[in-house]
Amino acid sequence: MDETYAQRAYLVLQHRLTKAVSSYSAAEFDAMAFDPDEVTALVGLAPTTSNRRGERGRRLSGWEYSMPVMDTSITEFAMTALLDRIDPRADGIAAACRAFDLQAGIRVVNDDPDRAASALVFYSPTTIQRLARLGVWIEHA
């Protein structure tokens, strides 16, 4: 029987950081703050998690959309499920990034850390092209 792994993919919209977070001044943090509701209006997709600068001690505003956990050892399955959801909103994602000087990224997380090293990180040329069109960074954790 094939083993499966609990994997989840997220779309993350965050401010473009150009230096270590600890080296920003309070005024710079204030200038980087954005209203997640305005991002949501541009993207056209409700976030699963968002926060404003200052909420719950947060130094930065944040906006994130997460897919449900998938039981798969192949990261492409988690990635393409997210891409199917966000591709129709590519123009809105780009508009939010321009309006608030944000960067978009996709984070694929293995929710089973005991088996994280065994997950297969594989993307087909089609998936790579979709990621390139969105202009996102990718992180595996």
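Scroll up to find the structure.
Reading the values: rules and limits
- Residues numbered from 1 in each chain as written.
- Predicted model: local features only at pLDDT ≥ 70, side-chain atom pairs only at ≥ 80, totals over all residues.
- Heavy atoms only, no water.
- Axes fitted to C-alpha atoms, helices over the stretch in contact; angles between N-to-C directions.
- Helix = DSSP H or I, 4+ residues; strand = E, 2+ residues; numbered from the N terminus.
- Contact = heavy atoms within 4.5 Å.
- Nonpolar A, V, L, I, M, F, W, Y, C, P; charged D, E, K, R; others polar.
- Buried < 20%, exposed > 50% of the residue type's maximum accessible area, 1.4 Å probe, protein only.
- Pairing = 2+ DSSP bridges.

Enquirer: I tried to follow the packing of helix α2 (residues 36-43) against helix α4 (residues 90-100) on my own but got confused; where do I start?
Expert: Put simply, α2 and α4 touch, their axes get as near as 7 Å, and they point 145° apart. The residues of α4 that touch α2, namely those facing E38, V39, L42 and V43, are G92, I93, A95, A96, A99 and F100. Tallied by class, residues from the contact of α2 with α4 come to eight nonpolar, one polar and one charged.

Enquirer: Even after reading the chapter, I still don't get the pairing of strand β3 (residues 62-66), so can you show me in this structure?
Expert: Along any regular strand, the residues point their side chains to alternate faces of the sheet. Counting buried residues in β3 gives five out of five residues, a clear majority hidden from the surface. The alternating pattern of β3 places G62, E64 and S66 and W63 and Y65 on opposite faces, both of which are buried. Summarising the sheet, strand β1 (residues 6-15) and β3 pair through four bridges and their orientation is antiparallel. Looking across to β3, one finds that V12 is bridged to E64. As defined by bridge partners, strand β2 (residues 49-51) adjoins β3 across three bridges and the pair is classed as antiparallel. Paired with T49 across the bridge in β3 is E64.

Enquirer: When you look at unusual backbone geometry in this model, what are you seeing that I'm missing?
Expert: One can expect most non-glycine residues to show negative phi and most peptide bonds to be in trans. Positive phi is not limited to glycine here, since R56 has a value of about 50°. Note on placement: R56 falls in the loop between β2 and β3. A relative accessible area of 63% places R56 in the exposed class. In the Ramachandran plot, D101 falls in the positive-phi region, its phi being about 55° despite a non-glycine side chain. You can see D101 is positioned in the loop between α4 and β5 (102-110).

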